[in-house]
Amino acid sequence: MDKIIISGGKPLRGEVEVSGSKNSGLPCLFATLLTDETCVLHNVPDLVDIRTTCSLLTYLGKKVERKNHTVTVSANEFLKTEAPYDLVSKMRASALVLGPLLARAGQAAASLPGGCAIGVRPINIHLAGFESLGAECKLSGGIVRLKAQKLKGKKIRFSFPSVGATENLLMAAVLAEGETVIDNAAREPEIVDLANFLNEMGADVRGAGEKLIRVVGKKHLSGATHEVIPDRIEAATYLIAAAATRGSVKIKGAVAADIKSILDMLKKTGVKVEVAKDPTRKNLQTIRCTYLRELKPSSVHTKPYPDFPTDVQAQWMALMSLVRGKSVIRESVFENRFLHAAELSRMGAAIEIRGTEAIVTGVPRLSGANVMVSDLRAGAALVIAGLAAQGKTVIHRIYHLDRGYERLESKLKKLGARIKRIR
């Protein structure tokens, strides 16, 4: 397996371009199953999860062409309605195949999805939503099977604002008969981006980004061209890395409003944050994060958007490990998302886990060590820690990082990091 070696202790300086959002590109790719007409997606990052999704679409009967950061999806043959285990098991987002296949073909089947080891991530909210629309759901042998003669719109209230369930039900509802109302829907920017793409395809989705989303079903959707939004989690990761290494980094092509909760927390610690219009990309911003003085400890509590995101919790823990004083990190989204704490402790961090809370006592410095990645965002935390640490850090099982960070090593090298990948 590949590994990353970092010689830390050097402040990051310079500027870096934000890639397209993985968490938006994936549902938009699955949404192309809703039509036989050609769809073109721009600003799609080159990531393992994106490649897996393209392979899954090809298996299901689509023609998929990837060139640079543009993916073109068109009809190729009759749609299959069952996703194979060997592709589905590679990522949790593969559950998003169910909604569009059920809407188009009246049936869908897929193995329970795989992905990161951060919690059980049940899809019961998805299935309850499908049943509300009139689908029959069966689960046997680890395979979910859905069937419906005709989906019919209905008011659905989620017990939790699940991003995946909101995306899946949106894609099912756009071809359902009548109006569907999703109450307590997820409000993430990726939901808004998917809704925008669906509307460009001819759907009628209103209220995306709010708790209540209304969808009026259409008989068919058309092809469309769409640009995927910037990756807010990647943006946050580089800004936190700048603070942890006591550097100054400007990210280009970002949406500052999408990471307001993180920018507010960085300011609270004493980091200087500057936001300006991006001169090269309309409606986007540049964000500079600069370390000026000793930082103050700041506690966070992960919650659904617009609050502090669970996908930045691990990176924040790496930063707080280097800030004198105590901070508390409370994880309320996933039940098993502190696996990185033990690896950070191997580097000298002082972290005590108490159920859903991590109490972090900042230390003067971290030391390089051999560490192992347990999940995508944990890997980002270990990279940040390695960049800030004294000595050499060797990061193993970095295939998790390849699922969510495009050209990680080359971007960090551009910022002055001493980092290399060993194949």
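Before any of the text, the structure's been laid out above.
Residues numbered from 1 in each chain as written. Predicted model: local features only at pLDDT ≥ 70, side-chain atom pairs only at ≥ 80, totals over all residues. Heavy atoms only, no water.

A.B. asks: Mind showing me how you'd approach empty space enclosed by the protein here?
C.D. replies: Where empty space is left can be seen by rolling a probe of water-molecule size over the atoms. With the rule as written, the count across this model stands at two cavities of 30 Å³ or more. Around the largest cavity, the lining residues are Thr237, Tyr238, Ala241, Ala380, Val383, Ile384, Leu387, Leu401, Tyr405, Leu408 and Leu412. Every element with two or more residues in the lining of the largest cavity is listed here: helix H8 (232-244), helix H12 (376-388) and helix H14 (408-414). No other element matches H12, which puts four residues into the lining of the largest cavity. Taken together, the residues of the lining of the largest cavity break down into 10 nonpolar, one polar and no charged. The class makeup of the residues in the lining of the second largest cavity is six nonpolar, no polar and three charged. (1 Å grid on protein atoms, 1.4 Å probe; cavity = no way out; pocket = protein on both sides within 12 Å on 5 of 7 lines; lining within 4 Å. Points joined across faces, edges and corners; volume = space filled by probe spheres on them. Helix = DSSP H or I, 4+ residues; strand = E, 2+ residues; numbered from the N terminus. Nonpolar A, V, L, I, M, F, W, Y, C, P; charged D, E, K, R; others polar.)

A.B. asks: Is there a simple way to think about the packing of aromatic side chains in this case?
C.D. replies: By convention here, two paired aromatic rings are described through the distance between centres and the angle between planes. The final tally for this structure, using the stated rule, is one aromatic pair. Ring centres of Phe308 and Trp316 lie 5.7 Å apart, and the angle between their planes is 70°; this geometry places the pair in the edge-to-face category. By relative accessible area, Phe308 is classed as buried at 5%. Judged by its relative accessible area of 0%, Trp316 is buried. The cationic tip of Lys80 hangs over the ring face of Tyr59; the distance from NZ or CZ to the ring centre is 5.1 Å. (Phe/Tyr/Trp six-rings, centres within 6.5 Å; stacked < 30°, edge-to-face > 60°. Buried < 20%, exposed > 50% of the residue type's maximum accessible area, 1.4 Å probe, protein only. Lys NZ or Arg CZ within 6 Å of the ring centre and 35° of its normal.)

A.B. asks: Would you explain the side chain of Asp311 in this entry?
C.D. replies: Among the secondary structure elements, Asp311 is positioned in the loop between strand E18 (300-302) and helix H10 (313-320). Polar contacts involving the side chain of Asp311 include one to the side chain of Arg337, which spans 2.9 Å. If we skip the residues at most four places from it in the chain, Asp311 touches Asn23, Ile233, Arg337 and Arg377. (Polar contact = N/O pair within 3.5 Å; in protein donor to acceptor, adjacent residues only side chain to side chain. Contact = heavy atoms within 4.5 Å.)

A.B. asks: So what exactly am I meant to see when it comes to the layout of surface pockets here?
C.D. replies: In this structure, the second largest pocket encloses a volume near 350 Å³. Taken together, 22 residues line the second largest pocket, and the ones lying closest to its centre are Ala244, Arg246, Leu322, Val363 and Pro364. Only H8 and H12 provide two or more residues apiece to the lining of the second largest pocket. Considering only residue class, the lining of the second largest pocket consists of 13 nonpolar, four polar and five charged.

A.B. asks: What is the right way to look at the sheet that holds strand E11 (residues 179-183) in this model?
C.D. replies: Strands pair in a sheet through their backbones, by hydrogen bonds, and they do so in one of two ways: parallel or antiparallel. Sheet architecture is open: four strands sit in the order E10-E11-E13-E12, paired in mixed fashion. Only two strands of the sheet have a single neighbouring strand rather than two, namely strand E10 (155-157) and strand E12 (204-206). Going from strand to strand, the sheet's axes swing by 15° on average, the running direction of each strand aside. Bridge count between E10 and E11: three bridges; the pairing is parallel. Bridge pairing links Ile156 to Ile182 in E11. (Pairing = 2+ DSSP bridges. Axes fitted to C-alpha atoms, helices over the stretch in contact; angles between N-to-C directions.)

A.B. asks: Just checking my understanding: could you explain the packing of helix H9 (residues 260-269) against H10 for this structure?
C.D. replies: The relative placement of two packed helices is expressed as an angle between their axes plus a distance between the axes. Running from N to C, H9 and H10 cross one another at 5°; their axes reach a closest spacing of 13 Å. Taken together, H9 and H10 sit at an angle that is classed as roughly parallel. For the pair H9 and H10, contact is made by Met265, Leu266 and Thr269 and by Trp316, Leu319 and Met320, respectively. Counted by class, the contact of H9 with H10 contains five nonpolar, one polar and no charged residues. (Parallel < 35°, antiparallel > 145°, perpendicular 65-115°, else oblique.)

A.B. asks: Teacher, can you tell me more about H9 here?
C.D. replies: One turn of an α-helix holds 3.6 residues; hence residues three or four places apart share an orientation. The complete set of buried residues in H9 reads Ser261, Ile262, Leu263, Met265, Leu266 and Thr269. Buried residues along H9 sit in contact with H8, strand E16 (272-277), strand E17 (285-290), E18 and H10.

A.B. asks: Explain the nonpolar core to me, please; I cannot follow it from the model alone.
C.D. replies: One broad rule of soluble globular proteins: the nonpolar side chains tend to lie buried together. Judged by nonpolar contacts, the single largest core of 74 residues is most densely connected at Ile251, Leu266, Trp316 and Leu412. Here this core takes 10 residues from H8, the largest share from any one element. Leave out the neighbours within four places in its chain, and Leu266 touches Leu239, Ile240, Ala243, Val271, Val273, Cys289, Trp316 and Leu319. Listed in part, the 71 residues of the second largest apolar core include Cys39, Val73, Leu96 and Leu146. (Core = buried A, V, L, I, M, F, W, Y, C linked by side-chain atoms within 4.5 Å.)

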